[in-house]
Amino acid sequence: MNRAPLKRSRILHMALMGASDASGEAQASEEKPFLLRALQIALVVSLYWVTSISMVFLNKYLLDSPSLRLDTPIFVTFYQCLVTTLLCKGLSTLAACCPSFVDFPTLHLDLRVARSVLPLSVVFIGMITFNNLCLKYVGVAFYNVGRSLTTVFNVLLSYLLLKQTTSFYALLTCGIIIGGFWLGVDQEGAEGTLSWVGTLFGVLASLCVSLNAIYTKKVLPAVDGSIWRLTFYNNANACVLFLPLLLLLGELQALRSFAHLGSAHFWGMMTLGGLFGFAIGYVTGLQIKFTSPLTHNVSGTAKACAQTVLAVLYYEETKSFLWWTSNMMVLGGSSAYTWVRGWEMKKVQEEPSPKEGEKSPLGV
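Sequence order as written defines residue numbering, which begins from 1 separately in each chain. Only residues with pLDDT of at least 70 get local features here, since the model is predicted, and only at 80 or more are side-chain atom pairs given and counted; chain-wide, interface and lining totals rely on the full set of residues. Excluding hydrogens and water, the side-chain figures rest on all heavy atoms present in the structure.

### Looking at the state of the cysteines
Condition: Any cysteine sulfur atom paired with another within 2.5 Å is treated as part of a disulfide. Exposure classes here rest on a 1.4 Å probe applied to the protein chains alone. A residue is buried below 20% of its type maximum, exposed above 50%, and partly exposed in between.
Summed over all chains, the structure comprises zero disulfides. Left without a disulfide partner, C81 is nearest to the cysteine sulfur of C239, which lies 5.5 Å away. With relative accessibility at 3%, the residue C81 sits in the buried group.

Right under this line is the structure:
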């Protein structure tokens, strides 16, 4: 029996809610030999790691390289959104011409849909802009700690906006993350490398990442549950909304005096950054599809650890024991939260529903 394809809307729901498709995974395991499946998973996870880490280092080069000296973070973000929009439209056209070779939804710019997606697009702009601004002002090694409060904001906003409560153990893991964040800030300050501006942008980026997850679930029906349609409209809206910011912040004027404006290498790096931005969405969904949301989160935590070590080695930095402790607290707390949520979801799924006429121990 052929396995039903996993819809991207289901993938996003699984990623946001922390529920795994256990039956689908078991069926896939039965259909494919173990070695083949292990090889596929290894390749997909490796692709996710390479894409994500490369994107961070490339963005750091574009935003804060002494050789470029380009002080236009909004333009860099705008250009990456433009590349993603053009890629989506190009793949849609290619799919219409060669449907047997390319599987991609048909994309037509509908102003009514664009208006429906607009509130999410504003949050999306904040997320990618604050991410890049954080990376501009802090080192790659501290970047993970600077943006580590996403889980905490997820819990807080779930309660404030969705009235969803969180278990004691999950709250305990959030406490570990907050402790690791403050210890990391303290150690960056002790080493004289702390940027309060960059740290603030990191906190704002974490808030926007959490808001983005919440509003994505609300907006998905407007694009028929298609992640690619949502990606297209989000980035198209962002391109339009970035234009007045470029004028107000004077970045277009700064570009005119930029020494490497006519350099093919510069535009090649800019375009490559846009390609990575497009690819990260695809490989994230791919990793969830071939593993599970829980495994994806664990892989992301391990990737962040590897990224931190690579940054310290690449930039030849020396860090204290307490600095490394702060990173381990953040990574450990994030992993523990993922495990606790996965365990709670599994427990809920395994609990039999009460029979009609019977009451639960809570009297409900």
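So, next bit.
### A closer look at the packing of aromatic side chains
Definition in use: When the centres of two rings from Phe, Tyr and Trp lie within 6.5 Å, Trp using its six-membered ring, the rings pair. Their planes under 30 degrees apart give stacked, over 60 give edge-to-face, and anything left gives tilted. Secondary structure elements are taken from DSSP: a helix is a run of H or I of four residues or more, a strand is a run of E of two residues or more, and numbering for both begins at the N terminus. Comment: the charge-over-ring label is applied if NZ (Lys) or CZ (Arg) is within 6 Å of the ring centre and within 35 degrees of the ring normal.
Enumeration over the complete set of coordinates arrives at 19 aromatic pairs. Their ring planes at 70 degrees and their centres at 5.6 Å tell us that F181 and W182 sit as a pair that is edge-to-face. Judged by its relative accessible area of 52%, W182 is exposed. Between W228 and Y282, the ring centres sit 6.3 Å apart and the planes meet at 25 degrees, which makes this aromatic pair stacked. Of this pair, W228 sits in helix α10 (residues 227-248) while Y282 sits in helix α12 (residues 264-290), and the two are 54 residues apart along the sequence. A connected cluster of aromatic rings, assembled from ring pairs, spans F75, F78, Y79, F258, F266 and W267. Positioned over the ring face of Y137 is K136, at 5.8 Å from the centre of the ring. The lysine or arginine in question, R147, covers the ring of Y143, its NZ or CZ lying 4.4 Å from the ring centre.

### Quick word on the nonpolar core
Spelled out, the test is: Here, nonpolar core means buried Ala, Val, Leu, Ile, Met, Phe, Trp, Tyr and Cys residues that are tied together by side-chain atoms lying within 4.5 Å of each other.
Counting residues in hydrophobic clusters, the biggest one holds 58 residues, and the most contacted among them are L70, C81, F242 and M270. Here the element with the most residues in this core is helix α3 (residues 34-64); it accounts for eight residues. Ranked by size, the runner-up nonpolar core spans 17 residues in total, among them L107, V223, L230 and Y233.

### A short note on the packing of helix α4 (residues 73-97) against helix α5 (residues 111-137)
Note the cut-off: To get an axis, a line is fitted to the C-alpha atoms, and for a helix only the part in contact is used. The angle between two axes follows their N-to-C directions and goes from 0 to 180 degrees. Should an angle fall under 35 degrees it is taken as roughly parallel, and over 145 as roughly antiparallel, whereas 65 to 115 is taken as roughly perpendicular and any remaining angle as oblique. Helix crossings fall into two classes, left-handed where the near helix is turned counterclockwise from the far one by less than a right angle and right-handed where it is turned clockwise. The contact criterion used throughout is that any non-hydrogen atoms of two residues lie within 4.5 Å. Amino acid classes used here: Ala, Val, Leu, Ile, Met, Phe, Trp, Tyr, Cys and Pro are nonpolar; Asp, Glu, Lys and Arg are charged; the rest, including Gly, are polar.
The N-to-C vectors of α4 and α5 enclose an angle of 130 degrees; their axes lie 10 Å apart at closest approach. In terms of orientation, α4 and α5 fall into the oblique class. α5 is crossed by α4, and the crossing has right-handed handedness. Contacts between α4 and α5 involve P73, I74, T77, Q80 and C81 from the first element and F124, I128, T129, N132, L133 and K136 from the second. Here the contact of α4 with α5 is built from residues that sort into six nonpolar, four polar and one charged.

### Observations regarding the UniProt feature "transmembrane region" (unreviewed entry) in the protein chain
For clarity, the cut-off: UniProt positions are given in the numbering used here, feature names are shortened, and annotations may be inferred rather than shown by experiment.
Residues given the UniProt feature "transmembrane region" (unreviewed entry) here are residues 38-62, 74-96, 116-134, 141-162, 168-185, 197-215, 235-252 and 264-284. With 86% helix and 0% strand, the stretch residues 141-162 has end C-alpha atoms that lie 34 Å from each other. Annotated as 100% helix and 0% strand, the span residues 197-215 places its first and last C-alpha atoms 27 Å apart.

### A closer look at helix α7 (residues 150-162)
Because an α-helix completes one turn every 3.6 residues, residues spaced three or four positions apart along the sequence face the same direction. Residues of α7 that are buried: T150, T151, V152, F153, V155, L157 and S158. Looking at the buried positions of α7, the neighbouring elements they touch are α8 (168-190), α9 (196-219) and α14 (321-350). Directly after α7, the chain includes K163, whose backbone phi takes a positive value near 60 degrees.

### A look at the environment of Y143
Of note, Y143 is situated in helix α6 (residues 140-146). Put simply, Y143 and Q307 are 164 residues apart on the chain and 9.5 Å apart in space, counted from C-alpha to C-alpha. With residues near it in sequence (within four places) discarded, Y143 still touches V56, N131, C134, L135, V138 and Q307.

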